[in-house]
Amino acid sequence: MSETLDSQAAPAARRKREGRLPGRQDWSTWPHYQAAAAGFRGYWYPVQFSSHVGERPVRVKLLGEDIFVIRDRGVVRAMANRCPHRGVPLSYGNKQFPGTISCVYHGWTFDLETGVLKAAITDGPQSPICGKVTQPTYRVEERLGMVWIFVGDGEEPHPIDEQLPEELVSNPAVIGARIMPREGNWRFACENGYDEGHAKYLHRTALWRLFKAMPVWNTTKIVKRGRWIYRVQEQQFWDAEFPGLGRWTGLAWYKTKPPKQTTNIGNTGSHRQVNPVIAAQEFPGFASVSMPGVLRIAYPTFIHYEFYVPVDADNHLYVGVIADFKKGLKTIPFYFKYLGAVRWLFHGQFSGQDKWMVEVTDAPPEKLYRPDDSLLQWRKLAESTTEDRVDALAERGIVVSDPD
Amino acid sequence: MSETLDSQAAPAARRKREGRLPGRQDWSTWPHYQAAAAGFRGYWYPVQFSSHVGERPVRVKLLGEDIFVIRDRGVVRAMANRCPHRGVPLSYGNKQFPGTISCVYHGWTFDLETGVLKAAITDGPQSPICGKVTQPTYRVEERLGMVWIFVGDGEEPHPIDEQLPEELVSNPAVIGARIMPREGNWRFACENGYDEGHAKYLHRTALWRLFKAMPVWNTTKIVKRGRWIYRVQEQQFWDAEFPGLGRWTGLAWYKTKPPKQTTNIGNTGSHRQVNPVIAAQEFPGFASVSMPGVLRIAYPTFIHYEFYVPVDADNHLYVGVIADFKKGLKTIPFYFKYLGAVRWLFHGQFSGQDKWMVEVTDAPPEKLYRPDDSLLQWRKLAESTTEDRVDALAERGIVVSDPD
Amino acid sequence: MSETLDSQAAPAARRKREGRLPGRQDWSTWPHYQAAAAGFRGYWYPVQFSSHVGERPVRVKLLGEDIFVIRDRGVVRAMANRCPHRGVPLSYGNKQFPGTISCVYHGWTFDLETGVLKAAITDGPQSPICGKVTQPTYRVEERLGMVWIFVGDGEEPHPIDEQLPEELVSNPAVIGARIMPREGNWRFACENGYDEGHAKYLHRTALWRLFKAMPVWNTTKIVKRGRWIYRVQEQQFWDAEFPGLGRWTGLAWYKTKPPKQTTNIGNTGSHRQVNPVIAAQEFPGFASVSMPGVLRIAYPTFIHYEFYVPVDADNHLYVGVIADFKKGLKTIPFYFKYLGAVRWLFHGQFSGQDKWMVEVTDAPPEKLYRPDDSLLQWRKLAESTTEDRVDALAERGIVVSDPD
């Protein structure tokens, strides 16, 4: 019977039947967040590995927009994919002249940098349409071996380095990355990543955690520092007796507890120049998040990042990055570790459990519990940051209406 | 070209073009019946074999509701499947403590009997959310080797034995059953089952009928007796001359006519204690139907039942049951007969013809003909029974609005 | 990431974001054309090869209508496919009596010529429903080895020979044809076929054109003659220097230019009786189009036709026909040429490029350019012809409302 189950239809029917479900019925508390089903505009997003973008167009969908990227004389360009003539994707075309893309259908030829229609081949050199049409283009950067696109509302983009995790900008690092298209809204992916509660329960069965104990529960506080909010674990409880139910623990003889970490808030200036891992770990709460949906998890010897890239309201890219801040020969063990373990245990099976939950999460309605403070603080951060952006744009005369 | 045919779109387009199709345009004559696309509430429905429900959750969809069933210390429990925390299906979880289900995502732990949230594992034993959330549960019974769920509107369920065919409650019987998910609305399945007309034409090619002649047509009356309405065949016509067309017959040298049956209405009280087959056959019209969509066909030596279980508006479960009212060693031939013939000829190919028709039926509009009196009487039974139920609930203060 | 691209959703999202796209936003300039997403009514359409229509029903969808065709005593009949009883497709049935179709479900039996219900087998010879229901029928003709159906609004069809290309009616010809179901609206297929611009660019890579040069561009005029509008090439340019970009040409050492053709407008009366190819070529502009979506391309030694048959708003049949106006033994080389080359190079790979474009065209919005005059004239022809038809029907008391 499972074939006939329609997880989309079921909730609606149920809600109608059963009336109000417990908890929060919508996200109107955070109107910008609620409206951002297809992502927050005004940010840089990674879309593809640099090495995968060559002389032929590569189609990408980002924040609901249909875009292609292409490399031209070394520089990556991005342009709206729909040919304005008859709506055919430009990504089916190719370069007939350097610095341009020609639509496969009638040879309309656009300048890759400016978007200007330079020629309509089948109408000859004096075609009166030349210069009358300009195709939207996007600003592009390459960082961390990936192509990043800025999706905004016509404003000048901020420098990408202001948006990247600080330690990645100024420190040499060796990188291992995966880009995976996944189903589900990007907000569920981001909330899952920063979520305090699920790691200890859902992931207890992950091979990645096989030899590492996790507490049953812990107390936490969320600390804001600059663009990031940090999840700082306070007390950890390694086993617990649940009244009327029994004992529950994440311990086992073959699992080791992690070493005790000291919380040295405000005492990290000197580290920052020395070891970026430690800098990112200044709140060893261990997980931090920033706009427009970036998770940073500082492990003792490396940092793991997740970029949740909105494709549309129902799909996102999971971009997982492991950075080891080493140089030269010291990077060699990293490759062994990454290819031998991280890539399939952590970015693979462990992260696959998250993928599963992101696909089946169905909220709101939602009834949040105490550890969901991490979600609430993230939504608050997203809301206030967006409010600031909208105000700043308005001052420059750009009125942004919510996508809905 | 057949790949491009869209049977859904075609009728709408055609109706618009051609104006009013002949006959009845909608089912507003029977408003409760028209509204019951996803089934009638207030009944017990079979959803799975008992032997398939063990210590792990089994997801079922019933009347549009997403439910899971699980066996706990021998007793089957049923609960709404959507975890109220973040909407993840509880059927992905498992038992962490006896008598409970824990959601796979964060370990929210519900009491299987009461639905009360007993623990949120990742928030520790003193989690303030404990006891604050109660998950909807469903009443469950096991009968005929199957798990039955009551779907109502908050009322106390009637005893399941009041709803089951009477002869199955108090007589020992050996049972052969199939549960098959099928496409199409449950009402088309039920109407097809009770339909007087199609058996003689559609099923004339079924192997099950290979050696059994069927009349070309017959006269019928519908007789109500208790919760059941019986289809009583009066005159049978074994061949017919159609004016301007020619002769048509269901006879052939290798087919035998069934033995003549006597109609002994009102003279069956003594049988009831003796032979349940005969009791069910008291109107040897041979087919009877009762709410919420149960067909009973009394053959000379056994009874066949079909339970049409609404999954949602577009899907149903076909639950076919053959009962032979024997005990002990006398049941052995039944198994040979069931496994050797009934299961694949009758529940298989014969019933597969019905499956096909239920999938492609597209009504209303419909132009009914004389043999469709069986359909009209069934709809009338459903309508008046539901009217009675709504009134009875209203007296107890439960106001039921139609699902649409 | 390409798996997650949804070409349907993208344009809508983009339009909203970016505001008005350049050019024409809708086709309200030609309201009949805009409304004819599922085709123009009042015409004959080819639906299947004659040889594929035998004694069993063949289901076809045409202009959104669900129809079946069947051969009865040599004559092809067409009837609405939905049995009015319960909506089951009559194409699942078969002939129980000559000249009739019986529905598979209950044996309702319709006269194939008149549509009258002659019998309801399961209700016996005196069934009161006989004669009370009449199923819609369609007029059918066979031409060019294919079955043609007239879809109108109740008017008497015009003779099919008035609609077929003139030269095919009165001259013997040997025919090679393909009927292919294709995705995309029939108007995109028709516009693609008559489109001046794309052939020289899109098809430059087709094997069919491997040894034949095509100009970079040319000037054209559209000339109306009777029911047809002709695309008359004036000046051809074989290479071109695009300012700021460079030289572009369709020439190559292994490609030959076509022979110069003389434009002999108005001087063709004498040819018409002699050589139909030359007659069709009287405007050697080479391509002409007529209602309801027929393309004719006159090559030096044969004529190629494309009939764009609307299935529904999203699908059409591509019917490609090659006609060689020869008789007797002279037809033999045609078969070698057709089966050896035309069928797979022209009707196959070349036409497959068009198929691809028709599937991905997404207009309006559209920003037309100079060569699109061919499209504009075709739309104008369709619009004025339809206006005339609507007026003529109104005089006969038939009011036709647009399908939307």
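Here the structure is shown first, and the text comes after it.
Residues numbered from 1 in each chain as written. Chains lettered and ligands numbered in written order. Predicted model: local features only at pLDDT ≥ 70, side-chain atom pairs only at ≥ 80, totals over all residues. Heavy atoms only, no water.

## Topic: the relation of the copies chain A and chain B
Going by this rule: Copy-to-copy superposition: least squares on the C-alpha atoms, limited to residues that have pLDDT of at least 70 in both copies.
Note on the identical chains: chain A maps onto chain B by a rotation of 120° and an axial translation of 0.1 Å, with an RMSD of 0.1 Å. Expressed as an axis order, the relation between the two copies is that of a three-fold axis.

## Section: unusual backbone geometry
As a reminder of what qualifies: Helix and strand definitions follow DSSP, with helices as H or I runs of at least four residues and strands as E runs of at least two, each counted in order from the N terminus. Note on classification: 1.4 Å probe, protein chains only; a residue is buried when its accessible area is under 20% of the maximum for its type, exposed when over 50%, partly exposed between these limits.
Residue Pro292(A) is bonded to the preceding Met291(A) through a cis peptide linkage, with omega at 0°. With respect to the helices and strands, the residue Pro292(A) is situated in the loop between strand S16 (287-290) and strand S17 (294-298). Residue Pro365(C) follows Pro364(C) across a cis peptide bond; omega there is 0°. Tracing the backbone shows Pro365(C) in the loop between helix H8 (332-360) and helix H9 (373-395). One non-glycine residue, Arg73(A), lies in positive phi territory at about 45°. Considering the arrangement of structural elements, one finds Arg73(A) in the loop between strand S3 (65-72) and strand S4 (75-80). On the basis of relative accessible area, Arg73(A) is assigned to the exposed category, the value being 62%.

## Things to note about the interface of chain A and chain B
Using the following cut-off: Should any heavy atoms of two residues lie within 4.5 Å, those residues are considered in contact. Buried area: the accessible surface (1.4 Å probe) lost by two parts on joining, summed over both. Note on definitions: salt bridges are taken to be side-chain nitrogens of Lys or Arg within 4 Å of carboxyl oxygens of Asp or Glu. Under this definition, polar contacts are N or O atom pairs within 3.5 Å; protein pairs additionally need one hydrogen-donor-capable and one acceptor-capable atom, and for neighbouring residues in sequence, both atoms have to be side-chain atoms. Only Asp, Glu, Lys and Arg are considered charged, only Ala, Val, Leu, Ile, Met, Phe, Trp, Tyr, Cys and Pro nonpolar, and every remaining residue, Gly among them, polar.
Counting from both sides, the interface comprises 54 residues of chain A and, opposite them, 50 residues of chain B. Interface area for chain A against chain B, summed over the two sides, is near 4,400 Å², with a carbon-plus-sulfur share of 62%. At the surface where chain A touches chain B, the tally comes to four salt bridges. Notably, a salt bridge pairs Asp362(A) with Arg82(B), separated by 3.1 Å at the nearest N-O pair. Applying the counting rule to chain A against chain B returns 14 residue pairs in polar contact (both at pLDDT 80 or more). Broken down by secondary-structure element, the contributors of at least two residues to the side of chain A that touches chain B are helix H1 (9-18), helix H4 (186-194), helix H5 (198-202), strand S14 (239-242), strand S15 (246-249), helix H8 (332-360) and helix H9 (373-395) of chain A. Split by residue class, the side of chain A that touches chain B holds 28 nonpolar, seven polar and 19 charged.

## Some remarks on the sheet that holds strand S8 (residues 137-138) of chain A
Residue and element names in this part refer to chain A. In plain terms, the rule: Should DSSP find at least two bridges between two strands, the strands are regarded as paired.
Taken together, four strands build an open sheet; the order of strands is S2-S3-S4-S8 and the sheet is antiparallel. Two strands in the sheet have a free side with no partner beyond their single neighbour: strand S2 (58-62) and S8. Note: S4 against S8, two bridges, orientation antiparallel. Bridging from a neighbouring strand, Met79 pairs with Thr137 of S8.

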